[in-house]
Amino acid sequence: MTNLFAYGDFISHAGKPLKWKIECDALTTNDWDCLAHMVMERQKTPFSKVEGIPRGGIPFANALSKYASGNDKDMPMIVDDIFTTGKSFIDYMNENYPNKLSAYGHRWVVFARKKSNVHPFHVRALFTMEG
């Protein structure tokens, strides 16, 4: 069994040392479905499709995909499991949408280690750490 929270010495995607981490591999399919439902209670604008930032965003994207409009006129939703520094979003956008504005797409994460809904990220989080 994997614990959702783990103490230890870890390195973030951006190379930042961390003393604990959130291990989203502990979440079940039912957990992801519930989190997707929680997003949809807040997401009022339709989105064409859902793209998960590898690796952590894939199960979240899978759970959210049933809510996609399929309409190419709607922007995509880009999701990840955890927001620490924003590097994974920057890398993903540079690789997949290099000619789009930095605010392109609807963006969600489950957990944010810091406020994430600021430029250039514009990422909404279900759960955000204080301060």
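Residues numbered from 1 in each chain as written. Predicted model: local features only at pLDDT ≥ 70, side-chain atom pairs only at ≥ 80, totals over all residues. Heavy atoms only, no water.

Glancing now at helix α2 (residues 57-64). Looking only at α2, the buried set comprises Gly57, Phe60, Ala61, Ala63 and Leu64. All buried residues of α2 fall inside an arc of 160° around its axis, so they share one side. (Buried < 20%, exposed > 50% of the residue type's maximum accessible area, 1.4 Å probe, protein only. Helix = DSSP H or I, 4+ residues; strand = E, 2+ residues; numbered from the N terminus. Arc of directions from axis to C-beta.)

What follows deals with the sheet that holds strand β3 (residues 50-52). Across the sheet, which stays open at both edges, the four strands sit in the order β3-β4-β5-β6 with parallel pairing between neighbours. Each edge of the sheet is formed by a strand with only one pairing partner; in this case those strands are β3 and β6 (124-128). Along the sheet, successive strands turn relative to each other by an average axial angle of 20°, direction set aside. Bridge count between strand β5 (residues 106-112) and β6: four bridges; the pairing is parallel. Among the inter-strand pairings, Val109 is bridged to a residue of β6, identified as Ala125. Packed onto the sheet, α2 meets β3, β4 (77-83) and β5 and runs at close to 135° relative to β4. On the sheet, helix α3 (residues 87-96) packs against β3, β4 and β5 and is oriented at approximately 150° with respect to β4. (Pairing = 2+ DSSP bridges. Axes fitted to C-alpha atoms, helices over the stretch in contact; angles between N-to-C directions. Contact = heavy atoms within 4.5 Å.)

Counted under the stated rule, the structure contains four aromatic pairs. Considering the side-chain rings of Trp32 and Phe60, the 5.6 Å spacing of their centres and the 40° angle between planes classify their relative orientation as tilted. Note that Trp32 is positioned in helix α1 (residues 29-40) and Phe60 in helix α2, a separation of 28 residues in sequence. By relative accessible area, Trp32 is classed as buried at 5%. Relative to Phe89, the ring of Phe83 lies with its centre 6.4 Å away and its plane at 40°, an arrangement referred to as tilted. Given the relative accessible area of 1%, Phe83 is considered buried. (Phe/Tyr/Trp six-rings, centres within 6.5 Å; stacked < 30°, edge-to-face > 60°.)

Its volume calculated, the largest pocket comes out at about 640 Å³. Taken together, 30 residues line the largest pocket, and the ones lying closest to its centre are His13, Ile22, Gly56, Asp81 and Ile82. Among the secondary structure elements, those contributing two or more residues to the lining of the largest pocket are β1 (5-11), β2 (17-22), α1, β4 and α3. Counting residues per element, the lining of the largest pocket draws most heavily on β4, at four residues. (1 Å grid on protein atoms, 1.4 Å probe; cavity = no way out; pocket = protein on both sides within 12 Å on 5 of 7 lines; lining within 4 Å. Points joined across faces, edges and corners; volume = space filled by probe spheres on them.)

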